[in-house]
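Residues per chain are reported as follows:
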Amino acid sequence: MMEETSLLLLLLVSSLLCCTTNQARLTVSPSSSQFFEDESFSLSCEEDDSSGGWLLRRNTTKRQMSQCGVKWGRSAGSSCDISVTAPWDSGVYWCESREGATSNSINITVTGGPVILQSPVLPVMEGDDVTLHCKNKTSNLPADFYKDGSLIRTEPAGHMTIHHVSKSDEGLYKCHSSSHGESPPSWITVTVILEKPSITLQSTPLSWITITATALSPLSVAPPPTSGAPPLVFRLAYRLVVFSPYFISTLLMMSLYRHRTTAGNDISMATPLPNQAAEGLAEEYDDIMEVTTEHHF
């Protein structure tokens, strides 16, 4: 029973590892969630098997579910290049297959203001270090960094590093420069690494059980021997074996019949026949009549 359970678990793990579907991953170059107006950037759908067939789509305040190459961007296979950006390019971007499968989504902000917050565009893994930059078009700016509207700290160098991020560091960030102004906010997502469940298989080695099927020949009568006594002897023996019971039975029946006949003859000799008895009675009657006649005379 334990071996069967271990085998089922092994097959389950193998099926989970082997049967996952290919999922596209959207990336942005340069890696940032905020861009200045008139800058350029490109998006790409990366997939493991490089089979292609993915389209870039986006939702903006002006157009929903629009496709790259149709009134915005320049499509190049599974990539999309935006050479001259404008504020209306701000929105949510994603990859979509012709079958309807979708990738991760990315929020991109294009601003006409003087300050942007350069932050990770993709989710950050728990435990990693994250660096935020508050900058204008030429350099970093001394700035105050905020999370969810609350001041974290002031960085004169214009960049702030968060060490060993956790789920509590997830939120909406922005920066403010006293000399240039404030950046648009950007959301930072932290992905928590879950512990993989351990599957303990029984230490008993699994072995294949081979079942060999042996073909059984149909029942048949063995042919007569090719050596030894002649076949006539076997035929005589066969007839004796077959007819002996009948012969013996016949002898027993004849013996019983003769015994019963002898016994019947003995009984007939000891018992007088009816005619003989009548004749004896007649003779006795004649004798009596003679005696009676003599007395009457």
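Parameters at a glance
- Residues numbered from 1 in each chain as written.
- Predicted model: local features only at pLDDT ≥ 70, side-chain atom pairs only at ≥ 80, totals over all residues.
- Heavy atoms only, no water.
- Helix = DSSP H or I, 4+ residues; strand = E, 2+ residues; numbered from the N terminus.
- Buried < 20%, exposed > 50% of the residue type's maximum accessible area, 1.4 Å probe, protein only.
- Contact = heavy atoms within 4.5 Å.
- Areas by Shrake-Rupley, 256 points an atom, 1.4 Å probe, with all protein chains shown as cover.
- Phe/Tyr/Trp six-rings, centres within 6.5 Å; stacked < 30°, edge-to-face > 60°.
- Pairing = 2+ DSSP bridges.
- Axes fitted to C-alpha atoms, helices over the stretch in contact; angles between N-to-C directions.
- Core = buried A, V, L, I, M, F, W, Y, C linked by side-chain atoms within 4.5 Å.
- Disulfide = S-S within 2.5 Å.
- Salt bridge = Lys/Arg side-chain N within 4 Å of Asp/Glu carboxyl O.

Q: How do you make sense of the overall build of the protein chain when you look at a structure like this?
A: Across its full length, the protein chain holds 3 helices and 19 strands. Buried positions account for 24% of the 297 residues belonging to the protein chain. Considering only contacts within the protein chain whose residues lie at least 6 apart along the sequence, 58% involve residues at least 24 apart. Total accessible area on the protein chain stands at roughly 21600 Å², and carbon and sulfur atoms take up 60% of it.

Q: So what exactly am I meant to see when it comes to the packing of aromatic side chains here?
A: Aromatic ring pairs: the centre-centre distance and the angle between the two ring planes describe each pair. Scanning all chains against the criterion turns up 3 aromatic pairs. Here the aromatic rings of Phe35 and Phe41 are separated by 4.6 Å at their centres, their planes lie at 15 degrees, and the arrangement is stacked. Neither residue differs from the other here; Phe35 and Phe41 are each classed as buried. Centre to centre, the rings of Trp72 and Tyr93 are 5.8 Å apart; their planes meet at 80 degrees, and the pair counts as edge-to-face.

Q: Got a minute to help me understand the pairing of strand 9 (residues 106-111) in this structure?
A: In summary, the side chains of a regular strand alternate between the two faces of the sheet. Relative to strand 9, strand 2 (residues 34-36) is paired through 3 bridges, and the arrangement is parallel. Residue Gln34 lies in a different strand from strand 9, and its bridge partner there is Thr109. Of the strand pairs in this sheet, strand 8 (residues 91-97) and strand 9 are connected by 3 bridges, and their pairing is antiparallel. Residue pairing across strands places Gly91 opposite Ile108, the latter belonging to strand 9.

Q: How do you make sense of the sheet that holds strand 7 (residues 79-82) when you look at a structure like this?
A: Two orientations exist for strands paired in a sheet by backbone hydrogen bonds: parallel and antiparallel. Read across the open sheet, the 4 strands follow the order 1-3-7-6; overall the sheet is antiparallel. Each of the sheet's edge strands pairs with one partner strand only, and the pair in question is strand 1 (25-29) and strand 6 (74-76). Each neighbouring strand pair of the sheet contributes to a mean axis angle of 20 degrees, computed without reference to strand direction. Of the strand pairs in this sheet, strand 3 (residues 41-46) and strand 7 are connected by 4 bridges, and their pairing is antiparallel. What sits directly across from Ser44, in strand 7, is Ser79.

Q: Explain the nonpolar core to me, please; I cannot follow it from the model alone.
A: Soluble globular proteins tend to bury their nonpolar side chains together. Within the largest apolar cluster, 19 residues are counted, with the highest numbers of intra-cluster contacts made by Val28, Phe41, Leu43, Leu56, Tyr93 and Ile108. Contributing elements (two or more residues each) for this core: strand 1, strand 3, strand 4 (54-60), strand 7, strand 8 and strand 9. Those residues within four positions of Tyr93 in sequence are excluded, and the remaining contacts are Leu26, Phe41, Leu43, Arg57, Arg58, Trp72, Ile82, Asn104, Ser105, Ile106 and Ile108. Counting 16 residues, the second largest nonpolar core, distinct from the first, contains Val130, Cys134, Leu141 and Val165.

Q: How should the state of the cysteines be read in this particular structure?
A: Considering all chains together, one arrives at 3 disulfides under this definition. The disulfide partner of Cys45 is Cys95, and the S-S distance across this bridge is 2.0 Å. Linking Cys45 and Cys95, the disulfide has an S-S dihedral of approximately -105 degrees and is accordingly described as left-handed. Highlighted residues: Cys45 in strand 3 and Cys95 in strand 8, separated in sequence by 50 residues. Here Cys45 and Cys95 have matching classes, each one buried. A sulfur-sulfur distance of 1.9 Å marks the disulfide that ties Cys68 to Cys80. With the S-S bond torsion at 85 degrees, the cross-link from Cys68 to Cys80 turns out right-handed.

Q: Help me out: how do you make sense of the pattern of salt bridges in this one?
A: If charged atoms from side chains of opposite charge come close, those side chains can pair. Applying the stated criterion across every chain, the model contains 8 salt bridges. In this structure, Arg57 and Glu96 form a salt bridge, with 3.7 Å as the shortest nitrogen-oxygen distance. Of this pair, Arg57 sits in strand 4 while Glu96 is found in strand 8, placing the two residues 39 residues apart along the sequence. Residue Glu96 is classed as buried on the basis of its relative accessible area of 17%. Note that Asp81 is salt-bridged to Arg74, the shortest N-O span being 3.3 Å.

Q: Please explain the sheet that holds strand 15 (residues 159-162) as it appears in this structure.
A: With antiparallel pairing, 3 strands are arranged side by side in an open sheet as 10-12-15. Across the chains shown, the open sheet's two edge strands, defined by having one partner strand only, are strand 10 (116-118) and strand 15. Looking at each pair of strands side by side, their axes are set apart by 20 degrees on average, direction ignored. Here strand 12 (residues 130-135) runs beside strand 15; their pairing, made up of 4 bridges, is antiparallel. What sits directly across from Val130, in strand 15, is Ile162.

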